[in-house]
Amino acid sequence: MLKKLSVLLIMALLAAAVIACAPEQPPAPAPAEQPKAEAPAAEQPKEEAAPAEQPKEEAKAEEPAPAAAKASLTIESWRNDDLKIWEDVIIPAFNKQYPDIQVTFAPSAPAEYNAALNAKLEGGTAGDLITCRPFDASLALFDKGYLASLNDLPGMDNFGDVAKSAWVTDDGSSVFCVPMASVIHGFIYNKDIFNELGLTEPATEADFYALLDKVKEDGNYTPLDIGTADQWESATMGFQNIGPNYWKGEQGRLGLIAGTEKFTDPQYVAVWDALAKWAPYLADGFEAQTYPDSQNLFSLGRAAIYPAGSWDIALFNDQADFEMGAFKPPLPEGADKCYISDHTDIALGMNANTKNPEAARKFLEWMTTAEFADLYANSLPGFFSLSKHDIKLNDPVAQTFVDWRKECDSTIRNSYQILSRGEPNLENELWSVSAQVINGTLTPADAATQIQTGLEKWYKPAQGSAAPADTTKEEAAMPALAADSFLGRAMAGEFTGKTVTVLGPMVEVEEEKFNRALAPFEEATGIDVQYNGTKEFEVQVSVRVDAGDAPDIIDFPQPGYLANIVRQGKVVDVSTFMDMDRLKANYNQAWLDMATMEGPDGPIMSGVWHRTAGKSMVWYPKAQFEAAGYEVPQTWDELMALTQQIADDGDTAWCIGIESGNATGWVATDWMENIMLRTTSLENYDKWVKGELPFSSPEVKNAAETMAKIWLDDKYVYGGTKQIVTTFIGDSPVPMFENPPKCWLHMQAGWIPDFFGQGLKPGVDYDFFYLPPIDQAYGKPVLVAGDIMAMFNDRPEVRALMEYFSTGASVEEWVKAGGAISPHMDSKLEWYGNPMDKKIAAMILDADSVRFDASDLMPGEVGAGSFWKGMTDWVSGSTDLDTALKEIDAAWPK
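Residues numbered from 1 in each chain as written. Predicted model: local features only at pLDDT ≥ 70, side-chain atom pairs only at ≥ 80, totals over all residues. Heavy atoms only, no water.

Trainee: How do you make sense of the overall build of the protein chain when you look at a structure like this?
Mentor: Secondary structure assignment for the protein chain yields 35 helices and 21 strands. When the accessible surface of the protein chain is split by element, carbon and sulfur atoms take 48% of a total near 33,100 Å². (Helix = DSSP H or I, 4+ residues; strand = E, 2+ residues; numbered from the N terminus. Areas by Shrake-Rupley, 256 points an atom, 1.4 Å probe, with all protein chains shown as cover.)

Trainee: In this structure, what is going on with the pattern of salt bridges? I would like to understand it.
Mentor: Here the idea is simple: oppositely charged side chains can pair when their charged atoms come close. Under the criterion given, the structure shown has 36 salt bridges. The partner of K328 in a salt bridge is E407, and the shortest N-O contact between them spans 2.8 Å. Separated by 79 residues along the polypeptide, K328 in the loop between β7 (324–327) and β8 (339–350) and E407 in helix α16 (residues 396–407) bring together distant segments of the chain. Ionic pairing is found between K701 and D882, a salt bridge with its closest N-O pair at 2.9 Å. Remark: D882 occurs in helix α35 (residues 881–890) and K701 occurs in helix α29 (residues 698–711); sequence separation between them is 181 residues. Taken together, the salt bridges that share partners define one network made up of K622, E626, D767 and K839. (Salt bridge = Lys/Arg side-chain N within 4 Å of Asp/Glu carboxyl O.)

Trainee: I keep staring at the environment of D637 and nothing clicks. Help me out?
Mentor: With respect to the helices and strands, the residue D637 is situated in helix α26 (residues 636–648). On the basis of relative accessible area, D637 is assigned to the exposed category, the value being 62%. Taking the C-alpha atoms as reference points, D637 and P773, 136 residues apart in sequence, are found 9.2 Å from one another. (Buried < 20%, exposed > 50% of the residue type's maximum accessible area, 1.4 Å probe, protein only.)

Trainee: How should I be thinking about the nonpolar core in this particular structure?
Mentor: Note on soluble globular proteins: their nonpolar side chains tend to be buried together. The biggest cluster of nonpolar side chains holds 290 residues, and the ones touching the most others in it are W272, I305, F363, F556, W711 and L745. What F363 contacts, discounting residues up to four positions off in sequence, is L73, I75, W86, F94, V103, L129 and L348. (Core = buried A, V, L, I, M, F, W, Y, C linked by side-chain atoms within 4.5 Å. Contact = heavy atoms within 4.5 Å.)

Trainee: Please explain the sheet that holds strand β17 (residues 617–620) as it appears in this structure.
Mentor: The strands that make up a sheet are held in pairs by hydrogen bonds between backbone atoms, and each pair lies either parallel or antiparallel. In space, the three strands of this open sheet follow the order β18-β17-β19, with antiparallel pairing throughout. Both edges of this open sheet fall to β18 (746–747) and β19 (767–770), since each of them pairs with a single strand only. In terms of strand pairing, β17 meets β19 through four bridges, oriented antiparallel. Each bridged residue has a counterpart across the sheet, and for M617 the counterpart in β19 is Y770. (Pairing = 2+ DSSP bridges.)

Trainee: For this particular structure, what's the right way to read helix α22 (residues 559–566)?
Mentor: Structural remark: α-helix, 3.6 residues per turn; residues separated by three or four positions point the same way. In terms of residue burial, α22 counts as a mostly covered element, since six of its eight residues are buried. Taken together, the buried positions of α22 are P559, Y561, L562, A563, I565 and V566.

Trainee: Is there a simple way to explain the state of the cysteines in this structure?
Mentor: Covalent bonding between the sulfur atoms of two cysteines defines a disulfide. The full count for this structure, using the stated rule, is three disulfides. Two residues share a disulfide in this structure: C338 and C408, whose sulfurs sit 2.0 Å from each other. Taking the torsion about the S-S bond as the criterion, the C338 to C408 disulfide, at about -95°, is left-handed. Linking C338 in the loop between β7 and β8 with C408 in the loop between α16 and β10 (409–411), this pair joins segments that are 70 residues apart in sequence. With respect to class, C338 is no different from C408; both count as buried. Indicated for the protein chain is the disulfide connectivity 1-2, 3-4, 5-6, based on numbering the bonded cysteines in sequence order. (Disulfide = S-S within 2.5 Å.)

Trainee: Before we go on, may I ask you to explain the confidence of the model for the protein chain in this structure?
Mentor: Low pLDDT marks stretches whose predicted atomic positions should not be read closely. Per-residue pLDDT for the protein chain has a mean of 87; in total, 90% of the residues score no lower than 70. Ranking the elements of the protein chain by mean pLDDT puts helix α1 (residues 4–7) last with 35 and strand β5 (residues 222–224) first with 98. The low-confidence segment residues 465–480 (pLDDT under 50) makes 33 contacts with residues lying over four places distant or belonging to another chain. (pLDDT = per-residue confidence, 0-100.)

Trainee: What's the story with the side chain of D225 in this structure? I'm lost.
Mentor: Mapping D225 onto the fold places it in the loop between β5 and α8 (232–242). In this structure, D225 is buried with no salt-bridge partner, the nearest side chain bearing the opposite charge being R302 at 9.0 Å. A polar atom in the side chain of D225 sits 3.3 Å from the backbone nitrogen of F298. Residue contacts for D225: discarding those within four places in its chain leaves Q289, S294, L297, F298, A303, I305, Y306 and P307. (Lys, Arg positive; Asp, Glu negative; His and termini not counted. Polar contact = N/O pair within 3.5 Å; in protein donor to acceptor, adjacent residues only side chain to side chain.)

Trainee: Just to check I follow, could you spell out the packing of helix α2 (residues 83–97) against helix α15 (residues 370–379) for this structure?
Mentor: Each pair of packed helices can be described by the angle between their axes along with the distance between the axes. The contact between α2 and α15 brings their axes to 11 Å, and the two run at 170°. The angle between the axes of α2 and α15 places the two elements in the roughly antiparallel class. Contacts between α2 and α15 involve I85, W86, V89, I90, A93 and Q97 on the former and, on the latter, E371, F372, L375, Y376 and S379. Here the residues of the contact of α2 with α15 sort into eight nonpolar, two polar and one charged. (Axes fitted to C-alpha atoms, helices over the stretch in contact; angles between N-to-C directions. Parallel < 35°, antiparallel > 145°, perpendicular 65-115°, else oblique. Nonpolar A, V, L, I, M, F, W, Y, C, P; charged D, E, K, R; others polar.)

Trainee: Just checking my understanding: could you explain unusual backbone geometry for this structure?
Mentor: What is expected of a backbone is that most residues other than glycine have negative phi and most peptide bonds are trans. The omega angle of the peptide bond from E423 to P424 is 5°, so this bond is cis rather than trans. The omega torsion of the bond from N739 to P740 falls at 0°, within 30 degrees of zero and hence cis. In the Ramachandran plot, Q231 falls in the positive-phi region, its phi being about 70° despite a non-glycine side chain. By secondary structure assignment, the location of Q231 is in the loop between β5 and α8. A positive phi angle is found at E508, which is not glycine, with a value near 55°. Here E508 lies in helix α20 (residues 508–525). Among the residues examined, E508 registers a relative accessible area of 38% and is labelled partly exposed.

Structure representation (structure tokens):
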């Protein structure tokens, strides 16, 4: 499978604001160009969140005014509910240290904040300090020159990369707000009702519905307290609350951004399926129930469970006279890992035009301290500090919420970064469809289709691959095999009318292309190939194989998963009937090596490789690269010489970013894997994958030290080494296409051009070269991903299709349609319509050896755990290399 973009990819962007406290009255209708219904406080995703223009120059604060007896600061905010806390607690604490700085907290009404702030900024009357919403809303203010850069503000190192991610520029070069708080989603419950009815906190969804049934059966209380009149609660406290457990937090969120996942995938439809089950447990007339109605119903003790944002804790503390508890979103059936929505919410920045920059910076610096974190978090229960300071909360319910960070992986709402930049606005659409699903007026499947269709109207990565292949072209020629081969016999009509079943992960557009690629085989042989594509691939495979009901052939995108099944003795050894000499002639030997897996009675040939993707490409801005007189390097020494030449010219050579939420660090693993292939043997690489060659070995340490010669040299990396861990993967190559380029080289797989920007032509504006060899003894290796076809039922017609999969013809129509690269030697480069795909195919076919991504093959706790984390810690400077390597090894399953 292509990398985790899951890969993927993206933290400093979004077009939505975050939730805070609700207004006491239902929100007024928004202007026509605004969301259909306004959310309470900051939940207004599209008011000013258009994609920001690039700043012409970094905003800078004015020089301090002449000293006066007292400096005065005014704070702009939408948090009018917090006025008393600021006046009675926070500002007095600041004035104990800085008595000569007068601070005024001057909030606007939440629904009016954006418009009022913009008017003040444009008119030069805005306050000195600006409360910042996350992602695009504040980024737009910085890009317009209204917010000052805080890169050099003392104390900013008290915040981690994720905490700052909502308030940094796309290229990671400037942070412009001091993070204050996040909010967490979960469920708050009435302990008195639980005690009365003998209820306990649910751990699973089955427990959850059993609990709701008991409350409903009792008849004295509303089991679940949420309404759909204002719509936004259905998405924020419904869909975004329980959803991360289904789409696996950051993995799913980044998959949507990368286009590798869709809202029509089963894990997203399942969330709406769950929401549809809520309706029987809601109050009578819930369709007309507003957000304040829900708050009142719970506060009065008439409801058992309230789907919550943590910001409601303070309100309930004031209004409810019963003890409360909280539980995290229950796990769906089959899930064993929990995820929570821990959403970056509030920060504070400095007006670039303040007349009191010195005083403003003193206040912001004080905000980075443990004192402020403690005051703020304990004054506003439910708004959790984003700093690294260890804060103990006085409120038990708030402490329960924040303790979930120790048990579960955190994510942010999946509509808040990048995906709400276009029209229709994703955030607003999620409000509407989620409410309709709960109301029973829209099916979960239709909700998913509506959301995905809307996203595909403007968001390119969600749109899938290229147009279908030209059906007027000649059919793909069938390969010439011996007449007595199973494929030869099939073409002679011996198996006409037979059926072969195939299971795989391809759905929708890819499923269509797969079926098109099989059409010549079906026409020539009369065999009916029935393909079943599923997004619940591993679940389906496990269930069917364990039940003895396996399909004839399964397409595995992860050879490591196939290897587990091979060890059980459930896969047919294709070497028992295939012409091995022909296989050796049609594949690089490394492909055959990777298909050879250990069975219960020894190694077998577990299948044949069908399609592939490359991961050893270095991308560069071709037109400007050539204009600068640079030449493509052919060796590692030439690559390092080019890196130094660019530095001598006053630029930085490399664009590198590894930030990807909970998946941060996987880009560094790709570099390590590529370097390992270039500095040690394939045998050592394979031992490394299996845990037989430890990370602390000289071979692996050498690969890291080779990588460090680029990564840990500030003059070689755009933004310096420290920016690597804060720069989102998809944003990292973008500076290559500024004029002049800010950096010139970027190593990544073939999907990365989707993030380069609009209007760039492959082969003209950008190109790639093969990452050169390091030690000539190991030739020209290529890091790959790919799909391997494995056989489970041994019949002649199944053997015929397996032989077909071992030929380039089996993927020809897919190659022509786009989205596949053939690993077969009998494939032809003229099949490729995309010049980049053609070059990648040539690179793979020309490789001396290939190997699959190591971290994808390692156990999850290493490959997607300690390996990612260890590399991130090392690159960030929080640990040394030896310690990082030892910590990675320590996570290996015993």
